[in-house]
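Architecture and fold: a report
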Amino acid sequence: MPLIAMVSAKGSPGVSTAALACTLAWPAPTLLAECDPAGGDLLAGYLAKYDLPADRGILPLAGSVLRGSAEHDLTGQLIDLDPPKQKRLALQGIADPTQAASLQPSWARLGELFAHSPYLVIADCGRLSTHYAPWPLLHRADLVLLVMRPTSLRTVSPAVAAISTLRRELPGAEGPSGNLGLVLVGGGISAREITRNLNTPVVANIAWDPKTAAALCGDGRGRRNGPLMKSAMGAFGTIDTAIRTLRNITPIAQWDTQPIPVTR
Ligand SMILES: Nc1ncnc2c1ncn2[C@@H]1O[C@H](COP(=O)(O)OP(=O)(O)OP(=O)(O)O)[C@@H](O)[C@H]1O
Ligand SMILES: [Mg+2]
C-alpha cells in the first residue's frame, strides 16, 4: 500500500494532528508511523490516558532493521488505535530527540518496509529543518505532503523554502507534476494563490477545529462529526486520487466508512 510522508515547515503547527485525524478517519487499513526526529506526540498526547508499554515503537524497529528481522517484528511494535480490529494502527516515535541519530541507518529500509506493508502508511516526519530529518524515507514515499497553515505571509514564506529544499533533495518531487503536494490547515490565503506561489498543488484541506484538535492531543473530548474529522475524511479521496494519478497504482481497498470517536 502507498507510503504518504507528511512534513511541516517553521511556523505551521498541525502536521501531527492532521496525520492522526487521517489515520482515525480514513476508510482503509492505516498505520500512523511517527518518524519525527524531534520526538513522537502520541504517547504523551492522544494515548496518554492508556497504560501502554513504552518499549514499543520505531526505535526497537530500527534495531530490528539492523538485525534483518524488521518485517517479522513490525506487527509486534504496533499499537492498535481501535482494538481489536487492527485497522488503525500506530508506530510510536522516539521519546527523546537524542535518539534520532540511532534511526539514521534504518530510514531507507523502514521506507521500503512501510511501502510494502499491508497498510496505507502515513509517516509523520515533523519539521524538515530538524537535524536527522528522515530523507531516505522521504525518497521512498509515494507522496510527500507539506502540511502548512495558509494564514499569512508569516506562515507561507517558510513553506516556500521548505518546498525548494524538497524539490532539491527528492528527485520525484521535481516540477509541478512531481509527487509533492500541500495540505492546508485552516483558512487564510486562497488555495489558488498558494498553489500559484509555491508552484505545488493543494491536495487537501484540513479544517481549523481547536476542540477536536485538543482531543487528538489528549485534552478533552472532540467530535467525531466535527469539522476536523470530516475534513480528514474528505482528504482521503483527494490524496488517493493524487497517488493513483502519480503512480497508476491499484485503488486503495475501502473497508469501513465510519471514523472512530476521537476520544477513543
Ligand atoms: N486543525 C487544527 N485545528 C485547531 N488546532 C490545531 C489543529 N491542528 C493542530 N492544532 C493545534 O496546534 C498545536 C500543535 O499541533 P500539532 O502537534 O499537530 O503540530 P506539529 O506540527 O506536529 O508540532 P510539533 O512540531 O511540535 O510536533 C496543538 O495544540 C493542536 O491542538
Ligand atoms: Mg508533531
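Scoring rules and cut-offs
Residues numbered from 1 in each chain as written. Chains lettered and ligands numbered in written order. Predicted model: local features only at pLDDT ≥ 70, side-chain atom pairs only at ≥ 80, totals over all residues. Heavy atoms only, no water. Helix = DSSP H or I, 4+ residues; strand = E, 2+ residues; numbered from the N terminus. Rg over C-alpha atoms; globule rule 2.2 N^0.38 Å. Buried < 20%, exposed > 50% of the residue type's maximum accessible area, 1.4 Å probe, protein only. Contact = heavy atoms within 4.5 Å. Areas by Shrake-Rupley, 256 points an atom, 1.4 Å probe, with all protein chains shown as cover. Core = buried A, V, L, I, M, F, W, Y, C linked by side-chain atoms within 4.5 Å. Near = heavy atom within 4 Å. Polar contact = N/O pair within 3.5 Å; in protein donor to acceptor, adjacent residues only side chain to side chain. Nonpolar A, V, L, I, M, F, W, Y, C, P; charged D, E, K, R; others polar. Donors = N, O, S within 2.8 Å, 3.2 Å for Na, K, Ca; no water. 1 Å grid on protein atoms, 1.4 Å probe; cavity = no way out; pocket = protein on both sides within 12 Å on 5 of 7 lines; lining within 4 Å. Points joined across faces, edges and corners; volume = space filled by probe spheres on them. Salt bridge = Lys/Arg side-chain N within 4 Å of Asp/Glu carboxyl O. pLDDT = per-residue confidence, 0-100.

Turning our attention to the overall build of the protein. Scanning the protein for helices and strands turns up ten helices and eight strands. Since a compact globule built from 264 residues should have a radius of gyration of about 18 Å, the 17 Å found for the protein is in line with a globular shape. Here the C-alpha coordinates of the protein stretch approximately 45 × 40 × 35 Å along the principal axes. Put simply, the protein has 264 residues, and 53% of those count as buried. If you take every contact in the protein between residues at least 6 apart in sequence, the share linking residues at least 24 apart comes to 73%. Carbon and sulfur atoms make up 54% of the accessible area of the protein, which amounts to about 11300 Å² in all.

Counting 49 residues, the largest nonpolar core has Cys35, Leu110, Phe114, Leu137, Leu138 and Val144 as the members making the most contacts within it. Once residues lying within four places of it in the same chain are set aside, the contact partners of Phe114 are Met1, Leu3, Ala33, Cys35, Leu61, Leu74, Leu91, Tyr119, Val121 and Leu137. One finds Ala19, Val185, Val203 and Leu228 within the second-largest nonpolar core, a separate group that totals 38 residues.

The environment of ligand 1 is formed by 15 residues, the closest being Gly14, Ser16, Thr17, Ala207 and Asp209. Between ligand 1 and Gly14 there is a distance of 2.9 Å, counted from an oxygen atom to a backbone nitrogen or oxygen. A distance of 2.8 Å separates a nitrogen atom of ligand 1 from a polar backbone atom of Asp209. When ligand 1 sits alone it has 630 Å² of accessible area, and the protein chains cover 72% of it. Mapped by element, the contributors of at least two residues to the shell around ligand 1 are α1 (15–25) and α9 (210–216). Tallying contributions element by element places α1 first for the shell around ligand 1, with three residues. Grouping the amino acids of the shell around ligand 1 by side-chain chemistry returns nine nonpolar, three polar and three charged.

A few words on the coordination of the magnesium ion (ligand 2). The protein atoms donating to the magnesium ion (ligand 2) are Ser16 (OG) and Asp41 (OD), with metal-donor distances spanning 2.0 to 2.3 Å. Of this pair, Ser16 sits in helix α1 while Asp41 sits in the loop between β2 (30–34) and α2 (58–67), placing them 25 residues apart in sequence. For Asp41, a relative accessible area of 40% gives the class partly exposed.

One number sums up the size of the largest pocket: a volume of about 210 Å³. Of all the elements, α2 adds the most residues to the lining of the largest pocket, at three residues. Counted by class, the lining of the largest pocket contains nine nonpolar, five polar and four charged residues.

Moving on, we get to the pattern of salt bridges. Under the defined criterion, the tally for this structure stands at five salt bridges. The partner of Arg109 in a salt bridge is Glu71, with the nearest N and O atoms 3.8 Å apart. Of this pair, Arg109 sits in helix α5 (residues 107–115) while Glu71 sits in helix α3 (residues 70–73); the two residues are 38 residues apart in sequence, bridging distant segments of the chain. Since its relative accessible area comes to 34%, Arg109 is described here as partly exposed. Of the residues examined, Glu71 reaches a relative accessible area of 62% and is grouped as exposed. Arg140 is the salt-bridge partner of Glu112, the closest N and O atoms lying 3.1 Å from each other. Taken together, the residues Glu112 in helix α5 and Arg140 in helix α6 (residues 135–140) connect sequence positions 28 residues apart. For Arg140, a relative accessible area of 25% corresponds to the partly exposed category.

On to unusual backbone geometry. A cis amide bond, omega 0 degrees, links Pro83 with the succeeding residue Pro84. Residue placement: Pro84 occurs in the loop between β3 (79–80) and β4 (88–91). For Tyr132, which is not a glycine, the phi torsion comes out positive at approximately 65 degrees. With respect to the helices and strands, Tyr132 occurs in the loop between β5 (120–127) and α6. For Tyr132, a relative accessible area of 38% gives the class partly exposed.

Here we take up the confidence of the model for the protein. Across the protein, pLDDT averages 90, with 92% of residues at or above 70. Scored below 50 in pLDDT, residues 253–257 makes 14 contacts in the model with residues more than four places away or belonging to other chains.

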